[in-house]
Structures are given as C-alpha cells and as structure tokens.
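Now for the letters of each chain:
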Amino acid sequence: MTVLTPQVDNVAAPNSQRLLKELPAEKLAWMLQRMCEIRYFEEKAEDLYIRGLVHGTMHLSIGMEAGSVGSIATLRPDDLIIHHHRGHGHTIAKGADLTLMMAEFLGKETGYCRGRGGSMHIADIAGGNLGATGVVGGGIPTAVGIALALQMRRSESILLSYFGDGATNEGEFHESLNMASTWKLPVVFICDNNQYGMSMHMSKVMNIQKISERAASYGIPGVTVDGNNVLDVYEAVLEAGARARAGQGPSLVDCLTYRWRGHSKSDRNLYRTSEEIDEWKHKCPIKRFKNILVNSAVMTLPEVEALDQAAKTAIDRAAEEAQTFPEPSPDNMEEEVYAL
C-alpha cells in the first residue's frame, strides 16, 4: 500500500496563496502563535513528566499542530469541538487559558476540571470544548448526539468531532457516520491521521489508501489533506463547515500527519525506525508555515520569530504559575462524583 506523505516545499500552493491574500494578517499570526503554543506546551509537559511533577501518562501530538489549529481557525465563537486522548492541541486552539490548562495537567485544584481530568480529559465547557474520552472512537457517537441536539434546537452552531486513524476501524465510527449522514447533522468528522493506531501502521489494518474513501459508503464528502499544512486543513474544514451550516449534513476530513513521539509515555517506539521519524521531522508544520509566511512576504522573519518567542514566554509563565497552585483537598474528593 502506498501512503501519501505531506510535501516539504516552503512555497505556498495556489490555493494557499489565495488564502494568504484573503485571510487577515491577524488571523495568520494567530494560527502561527497557536501552533507554537501547542508545541511548547507539550515540550514543557514532557519536561514536567520527566522531572516527576506529573503522574500517570500522557499522549503528545508534537508534529501534528497544523490539524487542530487549521480546523479550529474556521470556527465561530459559539461552535463546539469534541476531541480525543491526544487533545492538547485542540484545547489550546479552542482558546483555553494556558495557566488553567497547565494546572489541570499538573492535577491542581484550580485546573479546568479541578485536577481530576489530567492530561487526557481537559475540557472547557464554557469555551465550547466538550472534552474527550479515553476510549478509542468513544467520542464519535457522542458527537452525533451533540450534533442532533444542535439540530433540534435549530442552532446555527456546528461541531467538529476529532478522532485518530485507529478509530476508523471501530464499529461506532461507521454507525455514527451513517446516522449523521441520514439525519444530515451539523458535524464535521476530522481524522487526525498520524498513521499509527498505537503501534500498528494503518497499512496493516485497512485495505484502502485514504481513510476519506470511507465517506462514500455514507453518501457524504470525504477528502484527504496534507495535515502538516495548516492552510490546506483550514480550506478543507471551512468548506465542510459551510456544508454543515447549510443543513447539508456531515463531511469527513482526513488530515494526514505524523506524531514525533510514541503513542504514550510508556511507548518505546520499537515499531518504527529513527530514520522514519527524522524524515517526518523535516516536514515540521511550524517551520513550514513560518517559511511560507516569510517567502510569500506576508511577514518578516523577525515578525514570525517574535510570535514564536511570545508563545514560549506564555507557556513558561503558565507552567511557573500553575506549579504554585494548591493540590486537591481530600475534604471535597466526593464532589462532582455521581452515584445512583
């Protein structure tokens, strides 16, 4: 099976050139800074884990920043997302307070979920981020229910539903797309396709070249895009979102990308070579977007580096402040726990 790989050119394609002219400079700057914040957040998270300040495990999306930023950049403030266990990028792109997010990651009482969610379950309901489930594909049927509620309320909002490539082999993926298509629900299904379901390459578990081909079974549009090009992702999700808002139903967007780290912190990466990882590091979505902005004369090199530094400063400040917050108290450990 031949697997598509993102390009490494630093010159914008025709469609990207059009977007560079159409999108406000502030929007492009926002996209770059959010991507940098995601990268620095996860590098900081990894450092805190190594230092023993974070317990449990975590799932990093280093190398995948363009997918979450490019898709969420298309949304209106009242739109919603539901993500997955590798969801730091989605959370930051949806506008999370970095300090509260870092506090949640560290298990602090002042975190988004009072330290009870940790790395995998950070949610910001007020900000339209409905969180994640640790079950592979578990958020997809939930997304159908949320989208049905939006439709029944005649809301103008839409929902972005994120999942990994491994989830597309689960029964709930197929059941959910069928139901969403039949009812023409206002949801965009987005596959963060890093090509590995834990330690298994997608070519060993599916007999198709592109996950987007599966959309045809449910009579909805499906497209595979370069998930390392933030502008390609933006364009595809913008079109899919417009379709959802118009009452025409869901779409499937397959964002082909790659995670530089293992599946989780317990992953020793024995199933892929260092050469493969290094090859994808040369396709870094952040460096690529910086080069496109500079080479297209949208920004100067000092301007893009200033955004990068602002992102790093914001993450460093958030980490320092979050470490000073109190630990959860045993006195309220039963609050927000429900039992029949």
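Placed above this text is the structure.
Since the model is a prediction, treat every value here as computed from it, not as a measurement.

A. Molecular detail of the side chain of Asp124. By the element assignment, Asp124 lies in the loop between α5 (98–105) and β2 (129–132). Those residues in contact with Asp124 that sit more than four places away from it in its chain are Ala96, Tyr112 and Asn129.

B. Region of interest: the packing of aromatic side chains. Across all of its chains, the model carries 5 aromatic pairs by this definition. With 6.0 Å between their ring centres and 75° between their planes, Phe41 and Phe105 make a pair best called edge-to-face. Taken together, the residues span a long stretch of sequence, with Phe41 in helix α2 (residues 25–50) and Phe105 in helix α5 at a distance of 64 residues. Between Phe163 and Phe173 the ring centres are 5.6 Å apart and the planes differ by 70°, which places this aromatic pair in the edge-to-face class. Placement of Phe163 in strand β3 (residues 159–164) and of Phe173 in helix α7 (residues 171–183) is noted, with a sequence separation of 10 residues between them. By the burial criterion, Phe163 is buried, and Phe173 matches it. Put simply, the rings of Tyr196, Tyr258, Tyr271 and Trp280 touch in pairs and so form one group of aromatic residues. Over the ring of Trp260 we find Arg39; its NZ or CZ atom is 4.5 Å from the centre of that ring.

C. Molecular detail of the layout of surface pockets. Taken as a whole, the largest pocket holds about 360 Å³ of empty space. Along the wall of the largest pocket there are 27 residues; nearest its centre are His85, Val136, Gly164, Ala167 and His263. The element best represented in the lining of the largest pocket is β3, accounting for 3 residues. In terms of residue class, the lining of the largest pocket is made up of 9 nonpolar, 14 polar and 4 charged.

D. Quick look at the pattern of salt bridges. Here the structure, examined in full by the defined rule, presents 17 salt bridges. The partner of Glu46 in a salt bridge is Lys265, with the nearest N and O atoms 3.0 Å apart. A residue pair is termed long-range when its members are at least 10 positions apart, and Glu46 in helix α2 and Lys265 in the loop between β8 (251–256) and α9 (274–281) qualify at 219 residues. For Glu46, a relative accessible area of 13% gives the class buried.

E. Quick look at helix α6 (residues 139–152). Its 14 residues place the ends of α6 20 Å apart at the C-alpha level, agreeing with the 20 Å of an ideal helix rising 1.5 Å per residue. Taken together, the buried positions of α6 are Gly139, Ile140, Ala143, Val144, Ile146, Ala147 and Leu150. Directly after α6, the chain includes Arg154, whose backbone phi takes a positive value near 55°.

F. Looking closely at the packing of α2 against α5. The geometry of α2 relative to α5 is characterised by a closest axis approach of 12 Å and an angle of 30° between their N-to-C directions. In terms of axis orientation, α2 runs roughly parallel to α5. In the packing of α2 onto α5, the handedness of the crossing is right-handed. Contact residues: α2 offers Glu37, Phe41, Lys44, Ala45 and Leu48, while α5 offers Leu98, Met101, Met102 and Phe105. Within the contact of α2 with α5, the residues separate by chemical class into 7 nonpolar, no polar and 2 charged.

G. The arrangement of the sheet that holds β2 in detail. Strand order in the open sheet made by the 6 strands is β2-β1-β3-β4-β8-β7, with parallel pairing throughout. The open sheet terminates on both sides in strands that have one partner only, identified here as β2 and β7 (222–226). Along the sheet, successive strands turn relative to each other by an average axial angle of 20°, direction set aside. In this structure, strand β1 (residues 80–83) lies alongside β2, joined through 2 bridges in parallel fashion. When the sheet's bridge partners are listed, Ile81 is paired in β2 with Asn129.

Calculation notes
- Residues numbered from 1 in each chain as written.
- Predicted model: local features only at pLDDT ≥ 70, side-chain atom pairs only at ≥ 80, totals over all residues.
- Heavy atoms only, no water.
- Helix = DSSP H or I, 4+ residues; strand = E, 2+ residues; numbered from the N terminus.
- Contact = heavy atoms within 4.5 Å.
- Phe/Tyr/Trp six-rings, centres within 6.5 Å; stacked < 30°, edge-to-face > 60°.
- Buried < 20%, exposed > 50% of the residue type's maximum accessible area, 1.4 Å probe, protein only.
- Lys NZ or Arg CZ within 6 Å of the ring centre and 35° of its normal.
- 1 Å grid on protein atoms, 1.4 Å probe; cavity = no way out; pocket = protein on both sides within 12 Å on 5 of 7 lines; lining within 4 Å.
- Points joined across faces, edges and corners; volume = space filled by probe spheres on them.
- Nonpolar A, V, L, I, M, F, W, Y, C, P; charged D, E, K, R; others polar.
- Salt bridge = Lys/Arg side-chain N within 4 Å of Asp/Glu carboxyl O.
- Expected span 1.5 Å × (residues − 1).
- Axes fitted to C-alpha atoms, helices over the stretch in contact; angles between N-to-C directions.
- Parallel < 35°, antiparallel > 145°, perpendicular 65-115°, else oblique.
- Left-handed = near helix turned anticlockwise from the far one by under 90°.
- Pairing = 2+ DSSP bridges.

Purely geometric stuff here, so don't read any function into it on its own.
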